[in-house]
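Residue-level structural notes
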Amino acid sequence: MQIESGKFYGNKHDRKKEERMDNNTNDVRRRLIISAAALPFAAAPVFVGSVHAKSNDYPNRPVKLLVPFVAGGGADIAARVVAQKLAGVWGQSVVVDNQGGAGGNIGTGVAAKAVPDGYTLLIPSGSILTVNPHLYKTLPFDGKRDFAPITKLVSGPHVLIVNTNFPAKNLKEFIALLKSKPGQFNFASAGIGSQTHMAAEQFLHAAGLDATHVPYKGEGGIYPDLMSGQVQFAVGNISVVSGQLSSGRLRALAVTSATRSSILPDVPTMAESGLDGFENLAWFGLMAPAKTPAEIVEKIYQDTARVLSDPEVKARFQQMGVSTVGNSPARFADEIRRESDQWQKIVAARRLTVS
């Protein structure tokens, strides 16, 4: 993959093929989903699922939460906490399936083509549905057409981080240093179009800065390179990087929320540090393939909202610096639309494109 003059060039990926089969004996229409092993970044067993699932017996077999990123990032962490609790509520296994690649587009494309019966659900980051449609010229899914929003799971700030040897000790010094050497510093992200990428782009745009983007295949790989100095800074998910910050292996300069984080109370907000009105919150949600029966979507929403209101779950996420949400499908859909409009303007202003 090459990055040049604000444009990104990546390989095209084959889309997963679908075949339809008619069961003449039972007159029930079924869809055979070809194993995701046919995709270069995915692996999953072949299965046949009925599209006529009923809410009164849902779920009666294991449910898959598809995370379109590699393990170790914010979406993966959120998925595993929720999966464990939903398994207890449903009395069925809830399996987290990581299918990363292309800024989350590969796995999201797989989820879009899954049988709409509630047994394959997507854990998207905010950027997949609000940024990527404006960033990529082609996508293996249509965010508006292919998914039924269920709920936003968690939301929390990003944090601007550097290694302990970086000369700037606060945000004002950081901005002054980058302005004195435009384009000479680089920043890491979890991938092109990821929330960590776009949070950095929003910050650079607000501060009038220029830096070189170094995309990784997931957030987990960023921080060893940041600690060693191979990259100079990142705007990371607070839930992922909090351990390195508390141990002193990395240094936080500012958080992107409107108020200070409860787990980093001594770290100022970007607004406090001179970027008036700046705010950026990462989030991870839960979605089903379009045409999933409404009663199934409603049951998943009600059960997930119950999980997110569990004091143990709320406390666990709060320890990571994020808050549980659990909004309704309608409100979640409205937030996605509004956020998409906001990111469209930033993508255009930063002249970001992917070919």
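This text gives an overview of the structure that appears in the document.

Quick notes on the rules
Residues numbered from 1 in each chain as written. Predicted model: local features only at pLDDT ≥ 70, side-chain atom pairs only at ≥ 80, totals over all residues. Heavy atoms only, no water. Helix = DSSP H or I, 4+ residues; strand = E, 2+ residues; numbered from the N terminus. Contact = heavy atoms within 4.5 Å. Areas by Shrake-Rupley, 256 points an atom, 1.4 Å probe, with all protein chains shown as cover. Phe/Tyr/Trp six-rings, centres within 6.5 Å; stacked < 30°, edge-to-face > 60°. Buried < 20%, exposed > 50% of the residue type's maximum accessible area, 1.4 Å probe, protein only. Lys NZ or Arg CZ within 6 Å of the ring centre and 35° of its normal. Expected span 1.5 Å × (residues − 1). Arc of directions from axis to C-beta. Salt bridge = Lys/Arg side-chain N within 4 Å of Asp/Glu carboxyl O.

For the protein, the helix and strand inventory stands at 11 helices and 16 strands. Here the analysis covers contacts within the protein between residues at least 6 apart in sequence; of these, 75% occur between residues at least 24 apart. Entry remark: accessible area of the protein is about 15700 Å², with carbon and sulfur atoms responsible for 48%.

Using the criterion set out here, one finds 9 aromatic pairs in the structure. Ring centres of Phe 166 and Phe 174 lie 5.7 Å apart, and the angle between their planes is 35°; on these two criteria the pair is classed as tilted. The same class applies to Phe 166 and to Phe 174, which are both buried. Within the aromatic cluster, the residues linked to one another by ring pairs are Phe 166, Phe 174, Phe 185, Phe 187, Phe 203 and Phe 233. For the cation-ring pair, Arg 61 lies above Tyr 119, with the distance from its terminal atom to the ring centre recorded as 3.8 Å.

On to helix 11 (residues 329-350), then. Here helix 11 contains 22 residues, and its C-alpha end-to-end distance of 31 Å stays within 8% of the 32 Å for a straight helix at 1.5 Å per residue. For helix 11, every residue scored as buried is listed here: Pro 329, Phe 332, Ala 333, Glu 335, Ile 336, Glu 339, Ser 340, Trp 343, Ile 346 and Val 347. Seen from one end, helix 11 has its buried residues packed into an arc of 150°, which puts them on one side. The outward face of helix 11, more than 90 degrees from its buried face, is lined by the exposed residues Ala 330, Arg 331, Lys 345 and Ala 348. Along its buried surface, helix 11 packs onto helix 3 (126-130), helix 4 (132-135), strand 9 (147-163), helix 6 (195-207), strand 14 (281-289) and helix 9 (294-308). Positive phi appears at Arg 351, one or two residues downstream of helix 11, with a value of about 55°.

Scanning the entire structure with this criterion turns up 12 salt bridges. The partner of Asp 76 in a salt bridge is Arg 80, with the nearest N and O atoms 2.9 Å apart. One end of the pair, Asp 76, and the other, Arg 80, are both in helix 1 (residues 74-90), 4 residues apart, so they sit about a helical turn from each other. A salt bridge links Glu 272 to Arg 260; the nearest nitrogen and oxygen atoms lie 2.9 Å apart. Of this pair, Glu 272 sits in the loop between strand 13 (250-255) and strand 14 while Arg 260 sits in the loop between strand 13 and strand 14, and the two are 12 residues apart along the sequence. A relative accessible area of 48% places Glu 272 in the partly exposed class. Overall, Arg 260 belongs to the partly exposed group, its relative accessible area being 40%. Each of Lys 152, Arg 331 and Glu 335 takes part in a single network of salt bridges with overlapping partners.

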